[in-house]
Amino acid sequence: GTALTGDDDPELVGDALPFALKLYEILIEKGSDNPGLFLAAGSGFIMYANAYVQSPADMLPDQEFEKKGQLTARAKKLYLRGRDYVIQGLELKYPGFTASLESGTTGDMLARMKADDVPYLYWTGAGWMAAYAADPFDVGVGVGVKNATAMMETALRLDEAYGGGSIHEIFISYYGSLPQSMGGSEDKARHHYRRAVELSKGLKASPHVALASTVSVKNQNLKEFSELLNRALAVDVSQKNDVRLVNILAQRKARWLLDHREDLILPDTPKGVKKK
């Protein structure tokens, strides 16, 4: 239900999550063959890493680079831990899935997937992509990102509306952050932004934050940057629903981005002054 996702106190949820995650691991170690348990554990680790490790690291001042590096490294480990649990769940559902990742025959497995596999595909892809974003110099993780992208594309094909447009949100950041030479595309990022907003019926703040922090920053477009983040802040978080906690966390990031806009977007060069 909404006991966690509908809470308005992120710190309370953050304090409770580690206990729940260790409980999942205890049950798994007892020899569970329930794919849903692996999905719950994996998605929990990925959510915790993003909300309570990676995001705080991203918002640390530059002078705390050592702590930022430590937290980012921890987030990467948690992302991969979560990814691996979800992959184990997929292995239980589709024996041979893990081997297909290593042999490059994942496409055959993905062709067999159904709509009820979308959460597994989404969380595996999300954890993998997040780990790579945390450490793009890890060649081993980077090589597998093509598998993560294929899983996300399969999930999108099977259930575009999953999570109120959550798959589209991943692709906003994916296409919006990568350089064009590596597959980045502003047009694709904007397409996924529009679909994410439509599918969430405007009830989620995170699509606005995703586009602002990637495409708007890359384009050095302060006007769009500010408008998008103010849209995120305008989302109502007073009602208990399954996106309340996510919205509160997204609004925290939106406020931080607005407060640090001068660090992200350079002021226009005055007329008559040459840019260096």
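Computed from a predicted structure; not experimentally measured.

**Q** Whenever I open this one, the packing of helix α1 (residues 10–29) against helix α13 (residues 244–259) confuses me. Can you help?
**A** The angle between the axes and the distance between the axes are what describe a pair of packed helices. For the pair α1 and α13, interaxial distance at closest approach is 10 Å and the crossing angle is 115 degrees. Here α1 lies roughly perpendicular to α13, going by the angle between them. α13 is crossed by α1, and the crossing has left-handed handedness. Only L245, I248, L249 and R252 of α13 make contact with α1, whose side of the interface consists of P10, E11 and V13.

**Q** Help me understand the packing of helix α11 (residues 206–218) against helix α12 (residues 222–234) in this model?
**A** Two elements in contact, α11 and α12, have axes separated by 8 Å at closest approach and are oriented at 170 degrees. Classified by the interaxial angle, the pair formed by α11 and α12 is roughly antiparallel. Between α11 and α12, the contacting residues are H208, V209, L211, A212, S216 and V217 on the first element and E224, F225, L228, L229, R231 and A232 on the second. When grouped by side-chain class, the residues that make up the contact of α11 with α12 number eight nonpolar, two polar and two charged.

**Q** Would you explain the confidence of the model for the protein in this entry?
**A** When pLDDT is averaged along the protein, the result is 94; 97% of the residues meet or exceed 70. Taken as a whole, residues 269–276 scores under 50 in pLDDT and shows one contact with residues more than four places along the chain or in a different chain.

**Q** For this particular structure, what's the right way to read helix α6 (residues 118–134)?
**A** Residues spaced three or four apart along an α-helix face the same direction, because each turn holds 3.6 residues. Over its 17 residues, α6 runs 24 Å from end to end, which matches the ideal 24 Å to within 8%, given 1.5 Å per residue. Counting buried positions over the 17 residues of α6 gives 15, a clear majority of the element.

**Q** Can you help me understand unusual backbone geometry in this one?
**A** Negative phi values dominate among residues other than glycine, just as trans dominates among peptide bonds. For K201, which is not glycine, the phi dihedral falls at a positive 55 degrees. Looking at where K201 falls in the secondary structure, it is placed in the loop between α10 (186–199) and α11. A positive phi angle is found at Q220, which is not glycine, with a value near 55 degrees. Along the chain, the position of Q220 falls in the loop between α11 and α12. A relative accessible area of 33% places Q220 in the partly exposed class.

**Q** Is there a simple way to think about helix α8 (residues 145–158) in this case?
**A** For α8, with 14 residues, the first-to-last C-alpha span of 20 Å sits near the 20 Å given by 1.5 Å per residue. Of the positions making up α8, those classed as buried are V145, N147, A148, T149, M151, M152, T154, A155 and L156. In this structure, the buried residues of α8 make contact with α4 (97–103), α5 (106–110), α6, α7 (139–143), α9 (166–177) and α10.

**Q** Mind showing me how you'd approach the nonpolar core here?
**A** One broad rule of soluble globular proteins: the nonpolar side chains tend to lie buried together. Counting 76 residues, the largest nonpolar core has F97, Y122, W123, W128, M152, I167 and L229 as the members making the most contacts within it. Counting residues per element, this core draws most heavily on helix α2 (residues 35–58), which supplies 12 residues. The residues touching I167, leaving out its near neighbours within four places in the chain, are V118, Y122, M152, A155, L156, D159 and Y162.

**Q** Mind showing me how you'd approach the pattern of salt bridges here?
**A** Once their charged atoms are close, side chains differing in charge can pair, the charge on each being opposite to the other. All chains considered together, the criterion is met by 15 salt bridges. Of the charged contacts, one joins R83 and D84 as a salt bridge, the two residues approaching to 2.9 Å between their closest N and O atoms. E160 serves as the salt-bridge partner of R195, at 2.8 Å between the closest nitrogen and oxygen. Placement of the pair is R195 in helix α10 and E160 in the loop between α8 and α9, with a sequence separation of 35 residues. R195 sits in the partly exposed class, given a relative accessible area of 22%. By relative accessible area, which is 30% here, E160 ends up partly exposed.

Analysis parameters
- Residues numbered from 1 in each chain as written.
- Predicted model: local features only at pLDDT ≥ 70, side-chain atom pairs only at ≥ 80, totals over all residues.
- Heavy atoms only, no water.
- Axes fitted to C-alpha atoms, helices over the stretch in contact; angles between N-to-C directions.
- Helix = DSSP H or I, 4+ residues; strand = E, 2+ residues; numbered from the N terminus.
- Parallel < 35°, antiparallel > 145°, perpendicular 65-115°, else oblique.
- Left-handed = near helix turned anticlockwise from the far one by under 90°.
- Contact = heavy atoms within 4.5 Å.
- Nonpolar A, V, L, I, M, F, W, Y, C, P; charged D, E, K, R; others polar.
- pLDDT = per-residue confidence, 0-100.
- Expected span 1.5 Å × (residues − 1).
- Buried < 20%, exposed > 50% of the residue type's maximum accessible area, 1.4 Å probe, protein only.
- Core = buried A, V, L, I, M, F, W, Y, C linked by side-chain atoms within 4.5 Å.
- Salt bridge = Lys/Arg side-chain N within 4 Å of Asp/Glu carboxyl O.

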